[in-house]
Amino acid sequence: MTQKLVHVLSDGFHSPNARGFLHPLIVHRKMLSDNGIDVKIFAEPRGQFADCDLLIVDSKHFHGALRGQLQHIQEELEGFKSRCNMLAWYDSTDSAGWVAGGILPIVQQYFKSQLLRDRTAYLKPMHGRRAYTDFYHRENHISDDTTDDTPQVGHPELLNRLRLGWNSGLTNYTRHGPTLMWLYENSRIPFFLKHPRPSGDIAADRPITISCRMGISYDRETVSYQRQQLRARLSQHIASNKLARGAYFRELRKSRAVISPFGLGEITLKDFEVFLTGGLLVKPDMSHLRTWPDFYQDKQTILTFRWDFEDLDFVVDNIANNPGLVREIAEKGQTEYLRFVASNESAELFYNHFSVMLKEAPEDG
């Protein structure tokens, strides 16, 4: 078997998204190698980092300097591309709507943790560069003080370079998960990359019907708006102020359902904390995006409500009046989540997806 050399340039476990990106590459490295894919991770562009079949550059490598130093980054990427057989960018930003238009023409593949289902939307102006911020701008006249509303992708043929990567769920979001990730980052001892274990019994008595702990302060008004509206609409029923981490996890384990709104992106860390603690995950409608793994199947693994909140009262009442249904969906959600992150299938599932990602042919859709 001819081994395919895949090198990854990444600064490491310095953010939740970076951990979600790197964790499966490390814990499933043997499965990948046994099937012809050798993965090596480089912290800096030194030595033989670019001597490979595929070089994947983590967007976090450039520390958010994309706007201020775009020309410098483009030149650096061109240098990388001259040394490797194929160059890819891994966009680990939060939102499905964001694409680095200045990077896309340079790389042969552009991996993203979640993509808009309608890719042509990247060719159009989008206020706040998110589908939901654009929705609240158009429908509710909410605007950000500074935003670039120009189309992110200049040519339709560039859309074929977009590839669906994996979302940030494939790491440890237990109560002590961040500590374990910090310990691994500073020791490189594989022991700390433990598979997460559920910490809540779905069938146990859960005295709290719905929890929705969240912050509502963001620099972008269009991002804050959804959370502000949720707080106002739920204020007569539940408290939504943030809690200390220990108290927060205790409340999750006591809650039948947990509302996890969008933040800077549609997918948030709370989603995975809810799966692990056994509550029913409740999200704004996620049907506009594609992600892998697809943990977000409405009425199967989660419940959703409309972005305009028109059905929010109905969803809340349904949760309160149908505890059996709530437990059934919560159990399916947790089972599906654990299948990808902590089961005997996890390594093979990741390899199967990763091998499809690496195909050179343009992806359909």
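Bear in mind that the values here come from a model prediction, so they are computed numbers and not experimental data.

**Student:** Outline the packing of helix α4 (residues 131–140) against helix α6 (residues 221–234), listing residues and values.
**Tutor:** When two helices pack together, their arrangement is given by the angle between the helix axes and by the axis-to-axis distance. Interhelical geometry of α4 versus α6 gives an angle of 80° and a closest axis separation of 8 Å. Comparing their axes, α6 and α4 come out roughly perpendicular. Where α4 abuts α6, its residues Thr133, Tyr136 and Asn140 lie against Thr222, Val223, Tyr225 and Gln226. Residue classes in the contact of α4 with α6 are distributed as three nonpolar, four polar and no charged.

**Student:** An account of the packing of aromatic side chains is requested, with residue identities and associated values reported.
**Tutor:** Inspection of the entire model under this criterion finds 29 aromatic pairs. On the numbers, 5.8 Å between centres and 15° between planes, the contact of phenylalanine 62 with tryptophan 89 is stacked. Of this pair, phenylalanine 62 sits in the loop between β3 (54–58) and α3 (70–81) while tryptophan 89 sits in strand β4 (residues 87–91), and the two are 27 residues apart along the sequence. Across the pair, exposure class does not vary: phenylalanine 62 and tryptophan 89 are buried alike. Summarising the aromatic geometry, the rings of tyrosine 248 and phenylalanine 249 are spaced 5.4 Å apart at their centres and angled 85° between planes, so their arrangement reads as edge-to-face. A relative accessible area of 10% means that tyrosine 248 is categorised as buried.

**Student:** Lay out the sheet that holds strand β1 (residues 4–9) with the relevant residues and their values.
**Tutor:** Strand order in the open sheet made by the six strands is β2-β1-β3-β4-β5-β7, with parallel pairing throughout. Single-partner strands in this sheet number two, and they are β2 (37–42) and β7 (162–164). Neighbouring strand axes in the sheet, compared pairwise and without regard to direction, differ in orientation by 25° on average. As defined by bridge partners, β3 adjoins β4 across four bridges and the pair is classed as parallel. Following the sheet pairing, leucine 55 is matched in β4 by leucine 87. Packed on one face of the sheet, α3 meets β1, β3 and β4 and runs near 135° to β4.

**Student:** How would you summarise the layout of surface pockets if you had to cite specific residues and measurements?
**Tutor:** Its boundaries defined by the atoms lining it, the largest pocket holds a volume of some 660 Å³. Taken together, 26 residues form the lining of the largest pocket, with Tyr218, Arg227, Thr268, Leu269 and Lys270 sitting closest to its centre.

**Student:** Residue-level account of empty space enclosed by the protein, with values.
**Tutor:** To find leftover empty space, a probe the size of one water molecule is rolled over the atoms. A complete count under the given rule lists two cavities of 30 Å³ or more for this structure. By volume, the largest cavity is sized at about 90 Å³. Every residue along the wall of the largest cavity is listed here: Asn17, Gly20, Phe21, Ser92, Thr93, Asp94, Ser113, Gln114, Trp166, Asn167, Ser168 and Ile267. Broken down by element, the lining of the largest cavity gets its largest block of residues, three residues, from helix α1 (residues 16–27). Of the residues in the lining of the largest cavity, the class split is three nonpolar, eight polar and one charged. Here the second largest cavity defines a volume of roughly 70 Å³. In terms of lining residues, the second largest cavity is bounded by His23, Pro24, Val27, His28, Leu170, Thr171, Asn172, His195, Pro196, Phe340 and Val341.

Definitions and cut-offs
- Residues numbered from 1 in each chain as written.
- Predicted model: local features only at pLDDT ≥ 70, side-chain atom pairs only at ≥ 80, totals over all residues.
- Heavy atoms only, no water.
- Axes fitted to C-alpha atoms, helices over the stretch in contact; angles between N-to-C directions.
- Helix = DSSP H or I, 4+ residues; strand = E, 2+ residues; numbered from the N terminus.
- Parallel < 35°, antiparallel > 145°, perpendicular 65-115°, else oblique.
- Contact = heavy atoms within 4.5 Å.
- Nonpolar A, V, L, I, M, F, W, Y, C, P; charged D, E, K, R; others polar.
- Phe/Tyr/Trp six-rings, centres within 6.5 Å; stacked < 30°, edge-to-face > 60°.
- Buried < 20%, exposed > 50% of the residue type's maximum accessible area, 1.4 Å probe, protein only.
- Pairing = 2+ DSSP bridges.
- 1 Å grid on protein atoms, 1.4 Å probe; cavity = no way out; pocket = protein on both sides within 12 Å on 5 of 7 lines; lining within 4 Å.
- Points joined across faces, edges and corners; volume = space filled by probe spheres on them.

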